[in-house]
Amino acid sequence: MFLKFLLRRLLYVIPMLLITTLIVFSLILLIPGDPVLAMLGDSATHEKVEELRRQLGLDQPVMLQYFHWLNNAIHGDLGRSIFTGQLVDEALMQTLFVTMQLVVVGMIFSIVGGLFFAITSIYFPNSWMDYVARFFGTLGTAIPNFLVAMVLIIFFSLKLNWVPATGFTSIVHEPVSFLQQIILPGFSLSLAGIAVITRHLRSSLMETMDADYVRTAYSKGVSRYQAIFKHSLQNAMLPVVTTIGLLFGTMLGATVVVETIFAIPGMGQLVVNAIGQRDFTIVQGVVLVMIVMVIVINFITDIVYALLDPRIEY
Amino acid sequence: MNTETLLKVNHLKAYIPSSKGEIKPVNDISFSIKKGEIVALVGESGSGKSVSSLSIMGLNAGAIKYRPDSSILFEGQDLLKLKEKELRKIRGNDIAMIFQDPMSSLNPVHPIGRQIAESIVLHKKVSYKEAKKTALDLLNKVGIPDAERRLNDYPHQLSGGMRQRAMIAIALACNPKLLIADEPTTALDVTIQSQILNLLRDLQKEFGISILLITHDLGVVAETADRVLVMYCGQIVEEGTVEEIFENPQHPYTKGLMDSIPSLYGPSKEILDAIPGVVPNPLELPNGCNFVTRCAFATEKCYEVSPVLEKHSSGTRVSCWNPLTKEALSENDRESAVIVT
Ligand code: SF4
């Protein structure tokens, strides 16, 4: 049963991957600027430029270039960076782990914060906590993350000097400095997420608190606390799981900005630099990885959903 | 039958303050339920029957307030004066409730067994494992076949009738003294309806539970109840034993309800005699009798003075200036009031 579900899922994924990579491939070539010129500089002779072009296969039609890339990718070869000559998969590996640490922290902040605000707001309706949660739910999505990042840096790094403003240490090397350095970027990344989850879960909880089965629970003699945690929450989480899944994709995109501001050597930075240099093998690789991650997350979302809701069958 | 009184509702007045004026979903009702008795509270939606029953459970929405002279005595204790924490000990333990739609009233994400065991663990000092065992017994008792397996089933895996049986099992989990059944069969198929009613009656006999049966359907009443309270616009308009009410409905409203039962046995009528008109807006109740806008027997007095619930010669209580008599009934379609048993 489950295997069938998995296979069906994969069948959807393949055309999706093909289309997105093709779009990205063509888009990069549409960007004005030439990688070869970027490498050789303006003073390069025409012959030299043409030669390098041929070497890189850039003289061929776009479709052919794409199929060439695709064929290699299927065989596990993502090529080399046009600019630095580094293997693309190597560059991806190095940066992916960094970005994942950032995104995971961002997701944890979002989920914990969102759950906290939504539940307290429902538990103490019309209290100041409720108003804070509602305010935050609206405000959080309205503030762009680069602004949050800069305010945080000014306040906590420059004024209070509590945590470093930029830089990154991997959790496997030094957990303590990892934590110090990840707090600000993690929070900048998660503010919107906290707001989205708070708002969605709050309205979802409000609905389930009025549901007949919660009334049944009360008629059994449960307390408000038990009504929320044992009866309302699991049901209220169902639609929110989808939101959380989608949030992951948004957050992955937002890392581009946050990594740049906090000078975190992750995939976001990698792709920003690569776009600047028209290094499209790298860009293509990053896009591929991001799409695969989003697909994997969607898949996990579906599984979590099925675990929470016994009515779902594969 | 035991004659001890279990529940006594005195002058229950529930109101909702609003900017346009006060709404009184329950406007001064008094009744009592004896031990082991099945009392039916009958009325259309909006008559105040649900608010009355939820008042007993203390589960009305926060907007609904009670007048200070209202009281609901359960074994001598005034439920309206209890704190939430004390009420919680009574809910599900001494007083349990089942609801109209068993699908939406059961938690869709918990197995049936867990939902039954939850009640038990809440009120009794037993382990979850023992509670599960009791849950199994209960499922057998309410007639769910293959109970062992059903324990781990989710509500969506059960049929409508089975779900309502499961609801009843939850309600019975702690051997309550009073069971409030709010339209327990309305959402079910006709064939299943009588099975559930039979089950309720059997359980009442077996455990001596008192049942307050809330319904709009006099057919359900005839099958199940001992005594009937008919509510209209927040007030009780007639009260009597099932026999009395079906033999001789004295209030024109009761008579109207009776005429709208499709009779299974009597001669089938082309069109059921429905009560003309609609329930008045709670903010614009008529002067005098609340039923006056729809009553075929209204006289001048009815427009001016509200009738009070009075004991009549037959022993029933009725609030009407012109109560119908048996003789008057027999003149027109008597057959429609034939008791269905
Ligand atoms: S009091 Fe008058 S209006 Fe009211 S039910 Fe009786 S006859 Fe009808």
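Residues numbered from 1 in each chain as written. Chains lettered and ligands numbered in written order. Predicted model: local features only at pLDDT ≥ 70, side-chain atom pairs only at ≥ 80, totals over all residues. Heavy atoms only, no water.

(A) Seen up close, the site of the ligand. Taken together, the neighbourhood of the ligand is formed by 13 residues, with C289, C295, C302, C320 and W321 of chain B sitting nearest. Placement of the ligand is best described as lying within the largest cavity. (Near = heavy atom within 4 Å. 1 Å grid on protein atoms, 1.4 Å probe; cavity = no way out; pocket = protein on both sides within 12 Å on 5 of 7 lines; lining within 4 Å. Sits in = over half its atoms within 2 Å of the grid points.)

(B) Looking closely at the packing of helix α10 (residues 224-262) of chain A against helix α11 (residues 267-276) of chain A. Residue and element names in this part refer to chain A. At a closest axis distance of 7 Å, the pairing of α10 and α11 adopts a crossing angle of 90 degrees. With respect to α11, the axis of α10 lies roughly perpendicular. Between α10 and α11, the contacting residues are V256, E259 and T260 on the first element and M267, G268, Q269, V271 and V272 on the second. (Axes fitted to C-alpha atoms, helices over the stretch in contact; angles between N-to-C directions. Helix = DSSP H or I, 4+ residues; strand = E, 2+ residues; numbered from the N terminus. Parallel < 35°, antiparallel > 145°, perpendicular 65-115°, else oblique. Contact = heavy atoms within 4.5 Å.)

(C) Quick peek at the domain arrangement of chain A. All names here are of chain A. Taken domain by domain, chain A comprises domain 1 (17-74) and domain 2 (88-313). On a C-alpha basis, the centroid separation for the pair domain 1 and domain 2 is 36 Å. Of the roughly 1,200 Å² buried between domain 1 and domain 2 on both sides combined, carbon and sulfur atoms contribute 81%. Of all residues in domain 1, L17, I28 and W69 bury the most surface against domain 2, accounting for 39% of the area lost on that side. For the pair domain 1 and domain 2, the interface holds 0 salt bridges. The tally of links from domain 1 across to domain 2 stands at 1 residue pair in polar contact (both at pLDDT 80 or more). (Domains from an automatic or database assignment. Buried area = accessible area lost by both parts, 1.4 Å probe. Salt bridge = Lys/Arg side-chain N within 4 Å of Asp/Glu carboxyl O. Polar contact = N/O pair within 3.5 Å; in protein donor to acceptor, adjacent residues only side chain to side chain.)

(D) Spatial organisation of helix α1 (residues 49-57) of chain B. All names here are of chain B. Counted residue by residue, α1 has 8 buried out of 9 residues, so it is predominantly covered. What α1 keeps buried is the set K49, V51, S52, S53, L54, S55, I56 and M57. Following α1 by one or two positions, G58 adopts a phi angle in the positive range, close to 70 degrees. (Buried < 20%, exposed > 50% of the residue type's maximum accessible area, 1.4 Å probe, protein only.)

(E) Representation of the layout of surface pockets. Counted as a void, the largest pocket has a volume near 870 Å³. Looking at the largest pocket, it is lined by 33 residues, and the ones nearest its centre are Y218 of chain A together with L59, N60, A61 and G62 of chain B. Counting residues per element, the ones that place at least two in the lining of the largest pocket are α5 (88-123), α6 (128-142), α8 (175-209) and α9 (212-220) of chain A together with α1 and α2 (84-90) of chain B. Here the lining of the largest pocket is built from residues that sort into 17 nonpolar, 7 polar and 9 charged. (Points joined across faces, edges and corners; volume = space filled by probe spheres on them. Nonpolar A, V, L, I, M, F, W, Y, C, P; charged D, E, K, R; others polar.)

(F) A look at the confidence of the model for chain B. All names here are of chain B. For chain B, mean pLDDT is 87; residues scoring 70 or higher make up 91% of the total. Here residues 333-341 scores under 50 on pLDDT; set against residues more than four positions off or in separate chains, the count is 17 contacts. Listed scores for the predicted complex are pTM 0.83 and ipTM 0.87. (pLDDT = per-residue confidence, 0-100.)

(G) Fine view of the pairing of strand β8 (residues 178-182) of chain B. Residues and elements named next belong to chain B. Extensive coverage of β8 is indicated by the burial of 5 of its 5 residues. By the bridge criterion, 4 bridges tie strand β7 (residues 95-98) to β8 in an arrangement that is parallel. Across the sheet, the residue bridging to I98 is A181, located in β8. When β8 meets strand β9 (residues 210-215), the two strands line up parallel, connected through 5 bridges. Residue pairing across strands places A181 opposite L213, the latter belonging to β9. (Pairing = 2+ DSSP bridges.)

(H) Here's a closer look at the packing of aromatic side chains. Applying the stated rule across the entire model yields 12 aromatic pairs over all chains. Between Y66 of chain A and F67 of chain A, the aromatic rings sit 5.7 Å apart at their centres with planes inclined by 55 degrees, giving tilted as the arrangement. Ring geometry for Y66 of chain A and W69 of chain A: centres 6.1 Å apart, planes at 25 degrees, overall stacked. Residue Y66 of chain A and its partner W69 of chain A are both found in helix α4 (residues 62-74); the two are separated by 3 residues, about one turn of the helix. Its relative accessible area of 3% is what places Y66 of chain A among the buried residues. Members of the aromatic cluster, connected to one another through ring pairs, are Y123, F124, Y225 and F229 of chain A. Positioned above the aromatic ring of Y15 of chain B is the side chain of R67 of chain B, whose terminal nitrogen or guanidinium carbon lies 3.8 Å from the ring centre. A cation sits over an aromatic face here: K301 of chain B above W321 of chain B, 3.8 Å from the ring centre. (Phe/Tyr/Trp six-rings, centres within 6.5 Å; stacked < 30°, edge-to-face > 60°. Lys NZ or Arg CZ within 6 Å of the ring centre and 35° of its normal.)

(I) Just the nonpolar core, in detail. One finds I116, L178 and L212 of chain B to be the most contacted residues of the largest nonpolar core, which totals 178 residues. With 14 residues, α10 of chain A is the largest single contributor of residues to this core. Apart from the residues lying within four places of it in its own chain, the contact partners of L212 of chain B are F31, I33, V39, L41, I56, L178, L179, I180 and A181 of chain B. (Core = buried A, V, L, I, M, F, W, Y, C linked by side-chain atoms within 4.5 Å.)

(J) Structural detail: the UniProt feature "domain: ABC transmembrane type-1" (unreviewed entry) in chain A. Sites flagged by UniProt as "domain: ABC transmembrane type-1" (unreviewed entry) map to residues 96-301 of chain A. Here residues 96-301 of chain A is 84% helix and 0% strand, with 21 Å between the C-alpha atoms at its ends. (UniProt positions renumbered as here; feature names shortened; annotations may be inferred.)

(K) Molecular detail of the pattern of salt bridges. Within this structure, the stated rule accounts for 20 salt bridges over all chains. Measuring nitrogen to oxygen at the nearest pair gives 3.0 Å for the salt bridge that ties R311 of chain A to D309 of chain A. Look at the salt bridges and you will find they share partners, linking E37, R227, E239 and R317 of chain B into a network.

(L) Quick look at empty space enclosed by the protein. Residues and elements named next belong to chain B. Counted by the stated rule, this structure contains 3 cavities of 30 Å³ or more. What the largest cavity holds in volume is close to 70 Å³. Taken together, H251, P252, C289, F291, V292, C295, F297, A298, C302, C320, W321 and N322 make up the full set of residues lining the largest cavity. Split into classes, the residues belonging to the lining of the largest cavity amount to 10 nonpolar, 2 polar and no charged.

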